[in-house]
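The residues making up each chain are set out below.
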Amino acid sequence: MTEHPPSDDEHKQTDDAAYQTEFDPRTDNVSEELIKAVATLNDADPTELALLSEFVDPEALDALFGPRAAGEPRETNGHVLFNYDTYHVRIDSSGQITVHQSDSELDNDHSPEEGPE
């Protein structure tokens, strides 16, 4: 796993600093690497974090980015975006995980508005 400290230049579409780390799709479980990255951001033990399974299926995530059943690497070019607790996550098939803090005000703006009674 290769870690890159937060940098304002790594996510140009937002003002939030992004944390990036890399994983080897042939040998690493992407779900474990994501949990390690978020634990590092929170300066916390991984057991103290919200369960990843409450946000995404970790087994499906590992299957999507891991090697095929025969051990051959997947020859794909894609990514997955999702929220994990208070973070926006992007996982690329190239082996890169990017995590940045979500903007709670923006997230609250997406909640349904109450109409007049």
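Everything numeric in this text was worked out from a predicted model, so none of it was measured.

Engineer: Please explain the overall build of the protein chain as it appears in this structure.
Structural biologist: For the protein chain, the helix and strand inventory stands at 3 helices and 5 strands. The buried share of the protein chain, reckoned over its 117 residues, is 29%. Across the protein chain, contacts joining residues at least 24 apart in sequence account for 46% of those joining residues at least 6 apart. Surface summary for the protein chain: the accessible area is close to 7,800 Å², and the carbon and sulfur share equals 44%.

Engineer: Where do I start with the confidence of the model for the protein chain in this structure?
Structural biologist: Detailed conclusions should not be drawn from predicted coordinates in areas where pLDDT is low. Looking at the protein chain, the pLDDT average stands at 78 and 73% of residues meet or exceed 70. Taken as a whole, residues 4-15 scores under 50 in pLDDT and shows 20 contacts with residues more than four places along the chain or in a different chain.

Engineer: Explain the pairing of strand β5 (residues 96-101) to me, please; I cannot follow it from the model alone.
Structural biologist: Side-chain positions along a regular strand alternate between the two faces of the sheet. Here 5 bridges tie strand β2 (residues 18-22) to β5, and the two strands are oriented antiparallel to one another. Within β5, the position partnered with E22 by the bridge is Q96. Here 6 bridges tie strand β4 (residues 87-92) to β5, and the two strands are oriented antiparallel to one another. Across the sheet, V89 pairs through a bridge with V99, a residue of β5. Connecting the antiparallel pair β4 and β5 is a turn made up of 3 residues, with G95 showing a positive phi of about 100 degrees.

Engineer: What exactly am I supposed to notice about unusual backbone geometry here?
Structural biologist: The phi torsion of most residues other than glycine is negative, and most of the peptide bonds are trans. Look at D43: it is not a glycine, yet its phi comes out positive at around 50 degrees. Assignment of secondary structure puts D43 in the loop between α1 (30-42) and α2 (58-65). Not every positive phi belongs to a glycine, and D85 is a case in point at roughly 55 degrees. For D85, the position within the fold is in the loop between β3 (79-84) and β4.

Engineer: How should I be thinking about the pattern of salt bridges in this particular structure?
Structural biologist: Between side chains of opposite charge, a pair can form as their charged atoms come close. Counted under the stated rule, the structure contains 3 salt bridges. With a shortest N-O distance of 3.1 Å, D24 and R26 are connected by a salt bridge. What makes D24 partly exposed here is its relative accessible area of 23%. For the salt bridge of E33 with K36, the shortest nitrogen-to-oxygen distance reads 3.4 Å. In this pair, E33 and K36 both sit in helix α1, 3 residues apart, roughly one turn of the helix.

Definitions and limits used
- Residues numbered from 1 in each chain as written.
- Predicted model: local features only at pLDDT ≥ 70, side-chain atom pairs only at ≥ 80, totals over all residues.
- Heavy atoms only, no water.
- Helix = DSSP H or I, 4+ residues; strand = E, 2+ residues; numbered from the N terminus.
- Buried < 20%, exposed > 50% of the residue type's maximum accessible area, 1.4 Å probe, protein only.
- Contact = heavy atoms within 4.5 Å.
- Areas by Shrake-Rupley, 256 points an atom, 1.4 Å probe, with all protein chains shown as cover.
- pLDDT = per-residue confidence, 0-100.
- Pairing = 2+ DSSP bridges.
- Salt bridge = Lys/Arg side-chain N within 4 Å of Asp/Glu carboxyl O.

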